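So you can see what is in the structure, the chains are spelled out below.
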Protein chains: 2
Amino acid sequence: MTTRVQDALAQLKINGVRITPQRHAILSYLMDSMGHPTADEIYRALEPNFPSMSVATVYNNLKVFLEAGMVRELTYGDNSSRFDADISDHYHVICQSCGTIKDFACESLTEIERKAEESTSFKVFGHRMEFYGICNHCQG
Amino acid sequence: MTTRVQDALAQLKINGVRITPQRHAILSYLMDSMGHPTADEIYRALEPNFPSMSVATVYNNLKVFLEAGMVRELTYGDNSSRFDADISDHYHVICQSCGTIKDFACESLTEIERKAEESTSFKVFGHRMEFYGICNHCQG
DNA sequence: ATGGCTGCAAAGCCTTTGCAGGTTG
DNA sequence: CAACCTGCAAAGGCTTTGCAGCCAT
């Protein structure tokens, strides 16, 4: 059986990107953890296994994955970007109290994209949507 | 007749915020231009009339307006935040080629917010949605 | 062997902060 | 007069870049 990580690495290889231990580790961490870590969180998580790896390498490779379309970047004002290896259609619900990010599946909004095209004369290729609120835990 | 700017200034005053020439100018610029300027754009636009004003003052006051709910902040990754004095329900369509931001009116998505609440156990208070594409001008 | 990748350090950019002096109500 | 606000400069946090050396193919 082939894993998502293996598929992704194979895909990268085809595009002429070398598979280094660091790249393997960063991509595995992103895909296995199913979380939305920051670059620094990834860095610290991998530090035990890659004591000499630098944060720059994490950033560099996240950029490679971004350009390959394997990872999405989530930006919220001041804070550092978060990275999401789940590129399927889904949205994020973010707790304004503790920062928890939960995934939320939802029928696609291509209908609304079309309306946006009509009303703005743009050619629309995608959208981003997030919900803000208070998580179950912080409501207590 | 009272303008939006005057209403906003009156509201600020009620909340104990002093109306300084800088505040007046920043708010007027935001509300009159109807654009989505960065802090630095605001700073440079007002420089001729306020040669001694500092960028810090722009940031400080934008924060004041944000907290008063008169302005929205739009964040996109690396780039500086953009500020929008239109706080009515609307969304933004952003050109990935030239960065143009166009407003897009759309029926509210409270329905979807409710679904998000059900499926995540969050109490949802708001959302953010943006569309990405290529503007009319850049399609040529 | 050659091009790409890493790691390091430094730089860059946006934003915030501390503080002294001035201004508003 | 007291509180608040400005302007300046410096600091802070995240991210990128330049470069020398290393490694995969």
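Criteria and cut-off values
Sequence order sets the numbering: in each chain, residues are counted from 1 along the sequence as written. Written order determines the labels here, with chains lettered from A and ligands numbered from 1. Selection of residues for local features in this predicted model requires a pLDDT of at least 70, selection of side-chain atom pairs for listing and counting requires 80 or more, and totals for whole chains, interfaces and linings are taken over all residues. Processing note: side-chain calculations cover all non-hydrogen atoms of the structure and skip hydrogens and water entirely. UniProt positions are given in the numbering used here, feature names are shortened, and annotations may be inferred rather than shown by experiment. Strands here are runs of E lasting at least two residues and helices are runs of H or I lasting at least four, both read from the DSSP assignment and numbered beginning at the N terminus. Working rule for contacts: check all heavy atoms of both residues, and any pair within 4.5 Å makes them a contact. Contacts described as polar in this section are N or O atom pairs within 3.5 Å, which, within protein, must combine one atom able to donate a hydrogen with one able to accept it, while residues neighboring in sequence count only if both atoms come from side chains. Exposed residues in this analysis have more than 50% of their type's maximum accessible area, buried residues have under 20%, and partly exposed residues fall in between, with area computed by a 1.4 Å probe over protein chains only. Comment: arc refers to directions from the helix axis out to C-beta atoms. Salt bridges, as used here, are contacts in which a Lys or Arg side-chain nitrogen is within 4 Å of a carboxyl oxygen on Asp or Glu. Residues are grouped as follows: nonpolar covers Ala, Val, Leu, Ile, Met, Phe, Trp, Tyr, Cys and Pro; charged covers Asp, Glu, Lys and Arg; every other residue, Gly included, is treated as polar. Being paired, for any two strands, means DSSP has found at least two bridges between them. Whether a residue is near a molecule or strand depends on its heavy atoms: if one lies within 4 Å, it is near.

- In the nomenclature of an unreviewed UniProt entry, chain A corresponds to Fur family peroxide stress response transcriptional regulator from the organism Paenibacillus shirakamiensis.
- The Sequence similarities (unreviewed entry) comment attached to chain A in UniProt states, word for word, "Belongs to the Fur family."

A closer look at the environment of A:Asp103
So, point 1. Checked against the element boundaries, A:Asp103 lands in strand S4 (residues 101-104).
So, point 2. Along the backbone, A:Asp103 and A:Thr3 are 100 residues apart, and their C-alpha atoms lie at a distance of 21 Å.
So, point 3. The residues contacting A:Asp103, other than those within four sequence positions of it, are A:His36, A:Asp86, A:His90, A:Tyr91, A:His92 and B:Thr120.
So, point 4. Among the polar contacts made by the side chain of A:Asp103, one reaches the side chain of A:His36 at a distance of 3.0 Å.
So, point 5. Of the polar contacts made by the side chain of A:Asp103, one reaches the side chain of A:His92; its length is 3.4 Å.

Description of helix H5 (residues 110-120) of chain B
So, point 1. Within H5(B), burial applies to B:Ile112, B:Glu113, B:Ala116 and B:Thr120. Projected down its long axis, H5(B) shows its buried positions confined to an angular sector of 105°, all on one face.
So, point 2. Contacts from the buried residues of H5(B) go to strand S3 (91-95), S4 and strand S5 (123-134) of chain A together with strand S5 (123-134) of chain B.
So, point 3. Where H5(B) ends, the next residue or the one after it, B:Ser121, has phi of about 65°, a positive value.

Structural notes on the interface of chain B and chain A
So, point 1. Each partner contributes residues to the interface: chain B has 37 residues there, and chain A has 37 residues.
So, point 2. Taken together, the links from chain B to chain A amount to two salt bridges.
So, point 3. Its salt-bridge partner being B:Lys115, residue A:Glu107 comes within 3.4 Å of it at the nearest N-O pair.
So, point 4. Across the chain B-chain A interface, the total number found is 18 residue pairs in polar contact (both at pLDDT 80 or more).
So, point 5. Elements with a minimum of two residues in the side of chain B that touches chain A: strand S3 (91-95), strand S4 (101-104), H5, S5 and helix H6 (136-139) of chain B.
So, point 6. If one sorts the elements of the side of chain B that touches chain A by residue count, S5(B) sits on top with twelve residues.
So, point 7. Across the side of chain B that touches chain A, the residue classes break down as 17 nonpolar, twelve polar and eight charged.
So, point 8. The sheet contact formed by S5(A) and S5(B) spans eleven bridges and is antiparallel. Within S5(B), the residue paired with A:Arg128 across the bridge is B:Glu130.

Thoughts on the protein's contact with DNA strand D
So, point 1. The environment of DNA strand D is made up of 17 residues, and the closest members are A:Tyr59, A:Ser81, B:Arg18, B:Thr20 and B:Arg23.
So, point 2. Take the atoms of DNA strand D that sit within 4 Å of the protein: sugar and phosphate atoms are 75% of them.
So, point 3. Contact between DNA strand D and A:Tyr59: a phosphate oxygen at 2.2 Å from a side-chain N or O atom of the residue.
So, point 4. By residue class, the composition of the surface near DNA strand D is four nonpolar, nine polar and four charged.

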